[in-house]
Amino acid sequence: MSNFKCIEFVDDKLKLIDQTKLPLVEEYILSDDLERIALAIERLEVRGAPAIGVSAAYALALSFKFIKDDYENEFQKKYDRLTSTRPTAVNLFWALDEMKSKFENLTDYTNVYGELLKKAKEIHNDDVEKCDGIAKNGLEIFTKRSTVLTHCNTGQLATGGGGTAFYVIQRAFENDLVEFVYADETRPLLQGSRLTAFELEKAGILFKINTDSTAAMLMQQGKIDLVITGADRVAANGDSANKIGTYNLAVLCKYHRIPFYIAAPTSTIDKNCPDGSQIKIEERSKDEIIKIKDVQISKREYDVYSPAFDVTPNELIAGIITEEKLHKPPYNF
Ligand code: MRU
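Now for a quick tour of the structure. (Residues numbered from 1 in each chain as written. Predicted model: local features only at pLDDT ≥ 70, side-chain atom pairs only at ≥ 80, totals over all residues. Heavy atoms only, no water.)

**Topic: the packing of aromatic side chains**
Enumeration over the complete set of coordinates arrives at 10 aromatic pairs. Judged by centre distance (6.0 Å) and plane angle (35°), the rings of F64 and F75 are tilted. Here F64 is found in the loop between α2 (49–62) and α3 (71–83), whereas its partner F75 is found in helix α3, with 11 residues between them in sequence. Under the relative-accessibility criterion, F75 is labelled buried at 2%. Ring geometry for Y71 and Y109: centres 4.8 Å apart, planes at 40°, overall tilted. Taken together, the residues span a long stretch of sequence, with Y71 in helix α3 and Y109 in the loop between α4 (90–104) and α5 (112–138) at a distance of 38 residues. (Phe/Tyr/Trp six-rings, centres within 6.5 Å; stacked < 30°, edge-to-face > 60°. Helix = DSSP H or I, 4+ residues; strand = E, 2+ residues; numbered from the N terminus. Buried < 20%, exposed > 50% of the residue type's maximum accessible area, 1.4 Å probe, protein only.)

Okay, structure coming up:
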């Protein structure tokens, strides 16, 4: 994957790889239009908590390219549109609030676009550094050469940098601490079988894709040494929201006495959220369940329940790896 970037600022525009088309087609979205970037976030053309935050920061900056007056009202409208895209990943709100405090601290409006763009680039670079810190700190969880299972996608495609849980796995692999990876396919949008598999291939790591329901059997067969996933929001007590199916894994790990870790930047920690019950869980559309891509596989009249995330209680989490350190329970952020 080193030959391309998920998020890039080029020619005064935001360039995003369209993740809905990967791994079969590598196609890019090039835009300086806030509405187009907001749609990209809603459609999961760009996804993963840190990547959403970085993209939204660029979108907000870009929307001021041609604004010449009424700055305060315009800022609020654009901020509101972007915060409405996806509710669970706190990185979105964190990044937009960083942009807001930059805007509020401007002494004049002579170069709003330039100043906001500088801030968006800082948020992007900061994410690169946070990912590096997570990868380094994550080495601590390995006591031997291990087989790891992961869920959803947490690599370069999900962040502005090298990734979170994926980057820990990659760094450990480079240090001869990972011998094999099982990638949950991650129903319904298949971030595991499409995106994680793609990143594992690029990193040269041996892997197999498994259906989400195969994880239990793999653990029963003694094939998994540890599980690492990312998070979209970590509450102050360590309860962690992540892609639907993560909680299943944590429960399975407890039964099979396998350590379950979360890797996330501090921008994913929501200190204002006391526990997991306060995390807003996004519900996705019926189409994502009754269809696979454009092929309808079930009846439109059937009701669907499709939460995009679940919450893993803190007592099931062996450690939370951030760029600061490996946090151990009890968690108190
Ligand atoms: O719906 P998605 O694909 O945005 O969900 C992403 C996840 O659940 C990731 O595990 C999480 O954002 C961590 S990304 C480093």
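**Things to note about helix α7 (residues 191–203)**
When the terminal C-alpha atoms of α7 are compared, their 17 Å separation across 13 residues agrees well with the 18 Å that a helix rising 1.5 Å per residue should span. Within α7, the axis deviates most sharply at A197, by approximately 25°. Where α7 is concerned, the buried positions are Q191, G192, R194, L195, T196, A197, F198, E199 and L200. On its buried face, α7 is in contact with β4 (146–150), α6 (165–174), β5 (178–184), β6 (207–210) and β9 (240–243). G204 sits one or two residues past α7 and shows a positive phi near 75°. (Expected span 1.5 Å × (residues − 1). Bend = angle between axes of the 7 residues up to and from the residue. Contact = heavy atoms within 4.5 Å.)

**Digging into the pairing of strand β3 (residues 28–31)**
Judged by which residues are buried, β3 turns out to be one-sided: I29 and S31 face inward and are buried, whereas Y28 and L30, on the alternate face, are not. Strand direction decides the pairing type here: strand β2 (residues 13–17) and β3, joined by four bridges, are antiparallel. Bridging across to β3, L16 finds its partner in I29. (Pairing = 2+ DSSP bridges.)

**Quick look at the site of the ligand**
Near the ligand, the surroundings consist of 19 residues, among which R47, A49, R86, N242 and K243 are the closest. Taking R47, its side chain carries an N or O atom lying 2.8 Å from an oxygen atom of the ligand. Protein contact buries 100% of the 410 Å² of open area that the ligand shows by itself. Elements supplying a minimum of two residues to the shell around the ligand: α2 and β9. When its residues are assigned to classes, the shell around the ligand shows seven nonpolar, eight polar and four charged. (Near = heavy atom within 4 Å. Polar contact = N/O pair within 3.5 Å; in protein donor to acceptor, adjacent residues only side chain to side chain. Areas by Shrake-Rupley, 256 points an atom, 1.4 Å probe, with all protein chains shown as cover. Nonpolar A, V, L, I, M, F, W, Y, C, P; charged D, E, K, R; others polar.)

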